[in-house]
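Next come the chains, spelled out residue by residue.
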Amino acid sequence: MTDPIASAYRLLEASMVHYQGQPVGTIASLDAHAPAENYADCFIRDFVPSALVFLLDGRGEIVRNFLSTVLRLRDQQEEMEGHRLLPKVMPASFRVLVHEDGREELHADFGDRAIGRVAPVDSMMWWIILLRAYCRVTGDTGFVRSTECQRGIRLILNICLQDRFEVFPTLLVPDGSFMIDRRMGVYGHPLEIQALFFGALQAGLAMLDPADAESQAVIRQSRKRLDQLTDYVRHYYWLDLARLNHIHRARTEMFGHDIENALNIYPESIPDWVTDWLPEDAGYLVGNLGPGRMDFRFFSFGNLLAVLFGLADARQSRLIMEVFQQRWDDLAGMMPVKICYPAMEGEEWRLLTGSDPKNIPWSYHNGGNWPTLIWALVAAALNTGHGYLAERAREVALHRLAHDGWPEYYDGRNGRLIGRRANYNQTWSATALILADKFIKDPSGLDMLRLGGAEEAP
Ligand code: GLC
């Protein structure tokens, strides 16, 4: 039997994208029969586990090429008719077009071509986080302090910190603005975006030069927002049995400051499943929160990133991992990790996905199992002293993933079937496994994910 890790590396090498003779990224899937044309693009979020593998393997120059390429692409964004001065975001993905005369051209998708025209808000957060990880591993402060990178960090933080019609410190985004890039009722203040925002603020603060007059205002604002965001998420997004009981008996329709049920969550909105499912001595951050709205679904990536970056405090982090342990069959099952639990069915599916046949219950984003999330599960488990959960996740995935040909996702309550419309040879399924294996063998690799500056280190 071939070594799964060696096979994962073969896929990684084959996925390499070159521009002007340099490796600059990895394509999302090598499956020639992929259902959408853009799977042959290099996606910003899909490149993250590739980048972390390259960093641990001493191939930081590829990550640096990627970071500069994406930064340059940002300026390519065309203005939409009727919208002057759009704040420039980073693309969801890009590809290298080769003309007949051999000329190469970079072509990006800013959500203007993507299915459903979704806005890739997570790309800019991942860019800052990756820049920080690159800096931690390579020590290349020259690059981070370059005018282009400092400007890039400032522009990203400025977009996030702009005043909007908001009363919450969390970031307001449209549906499908992150890994779940289809309509899934994840508009508003989804947890994954808040965890990435937290990571980006922390990383940005650690990298901006405080002596640079141009950066001082954004540093001040970022500090303040980071504190407010942290307190707010730790308090309002947190759900454990005591909190559930509280909501169950909460008074509603209260006006004024200092009231318990400030967001006016109606006890009637508590779904049946959560009461039985939430284990004792455990807890998690809910998927979304807004006026009169608490999305009780468990979103794995948001919770894991909150643990990894420190948005969840030490106690909460331990209790989140407790949910993974006690609800292992639901959240990991036969292929770690379930993207969200539970699936939406019936009317809820019809109304919130717009009858999306790819997102039927227990498939794809609607409760499917995504091997790419294994790196985050393993990293969070190791960080919180749950080494056996990390081992268990690797054991489940190791041979099955390679044997199945690196599918993009799995279907069913426990991830038993290969995803109905999943690609094979999905790069981030392979790189996540390499990364998980590396973290288990040498947990010091996790240091690159400590995003804060020296003064913020634990
Ligand atoms: C799908 C996923 C998205 C991923 C892309 C490329 O659209 O939902 O998260 O980035 O495929 O793999």
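Look above for the structure.
Each chain has its residues counted from 1, running along the sequence as written. Only residues with pLDDT of at least 70 are given local features in this predicted model, and only at 80 or more are side-chain atom pairs given and counted; all residues enter the totals for whole chains, interfaces and linings. Computation of side-chain values covers all heavy atoms of the structure but excludes hydrogens and water.

**Section: the packing of helix α2 (residues 44-56) against helix α3 (residues 60-74)**
- Under this scheme, a helix contributes an axis fitted over its contacting stretch, all axes are lines through C-alpha atoms, and angles between N-to-C directions fall in the 0 to 180 degree range. Each helix is a run of DSSP H or I of at least 4 residues and each strand a run of E of at least 2, with the numbering of both proceeding from the N terminus. Look at α2 against α3: their axes get within 8 Å of each other, and the N-to-C directions meet at 150°. Our classification of the angle between α2 and α3 gives roughly antiparallel. Relative to α3, α2 is oriented so that their crossing is left-handed. Mapping the contact onto sequence places I44, F47, A51, F54 and L55 in α2 and G60, I62, V63, F66 and V70 in α3. Here roughly perpendicular refers to angles of 65 to 115 degrees, roughly parallel to angles under 35, roughly antiparallel to angles over 145, and oblique to all remaining angles. Take the far helix as your reference; a near helix turned counterclockwise from it by less than a right angle gives a left-handed crossing, and one turned clockwise gives a right-handed crossing. Contacts are assigned to residue pairs that have any heavy atoms within 4.5 Å of one another.

**Points about the site of the ligand**
- Around the ligand, the structure places A28, Y39, F43, R45, D46, M179, D181, Y364, H365, E408, Q426 and W428.
- Polar contacts here mean pairs of N or O atoms no more than 3.5 Å apart (in protein, one a potential hydrogen donor and the other a potential acceptor; neighbouring residues in sequence count only if both atoms are side-chain atoms). Interatomic distance of 2.9 Å between a side-chain N/O atom of Q426 and an oxygen atom of the ligand.
- The Shrake-Rupley method, run with a 1.4 Å probe sphere, supplies the accessible areas, and residue values consider only the shown protein chains as cover. Relative to its unbound accessible surface of 310 Å², the ligand loses 95% to contact with the protein. For each residue, the test is whether any non-hydrogen atom lies within 4 Å of the molecule or strand; if one does, the residue is near.

**A look at the state of the cysteines**
- To count as a disulfide, a pair of cysteine sulfur atoms needs to be within 2.5 Å. The final tally for this structure, using the stated rule, is 0 disulfides.
- Cysteine C42 is unpaired, with the sulfur of C149 as its nearest cysteine sulfur at 17 Å.
- Cysteine C160 remains unbridged, with the sulfur of C149 as its closest cysteine sulfur at 17 Å.

**Topic: α3**
- How far a helix is expected to stretch is found by multiplying one less than its residue total by 1.5 Å. Between the first and last C-alpha of α3 there are 22 Å, a value that for 15 residues agrees with the 21 Å anticipated at 1.5 Å per step.
- Counted residue by residue, α3 has 12 buried out of 15 residues, so it is predominantly covered.
- Relative accessible area decides the class of each residue, using a 1.4 Å probe on protein chains only: under 20% of the type maximum gives buried, over 50% gives exposed, and in between gives partly exposed. Listing the buried residues of α3 in full gives G60, I62, V63, N65, F66, L67, S68, T69, V70, L71, L73 and R74.

**Concerning the sheet that holds strand β4 (residues 93-98)**
- Paired strands, in this sense, are two strands between which DSSP finds at least two bridges. Taken in spatial order, the 3 strands of this open sheet run β3-β4-β5, and their pairing is antiparallel. Each edge of the open sheet carries a strand with a single partner, namely β3 (42-43) and β5 (104-109).
- When β4 meets β5, the two strands line up antiparallel, connected through 6 bridges. In the sheet register, V98 faces β5, and the bridge partner there is E104.

**Observations concerning the pattern of salt bridges**
- Criterion for a salt bridge: a side-chain nitrogen of Lys or Arg within 4 Å of a carboxyl oxygen of Asp or Glu. The final tally for this structure, using the stated rule, is 21 salt bridges.
- Across the pair R154 and D212 runs a salt bridge whose closest N-O atoms are separated by 3.6 Å. Note that R154 is positioned in helix α6 (residues 147-161) and D212 in the loop between α7 (191-207) and α8 (213-237), a separation of 58 residues in sequence.
- When the shortest N-O distance is used, the salt bridge between R350 and E347 registers 2.8 Å. Taken as a pair, R350 and E347 lie in helix α14 (residues 346-353) at a separation of 3 residues, close to a single helical turn.
- Since its relative accessible area comes to 40%, R350 is described here as partly exposed.
- Several salt bridges converge on common partners, so that one network encompasses E391, R394, E395, D437 and K441.

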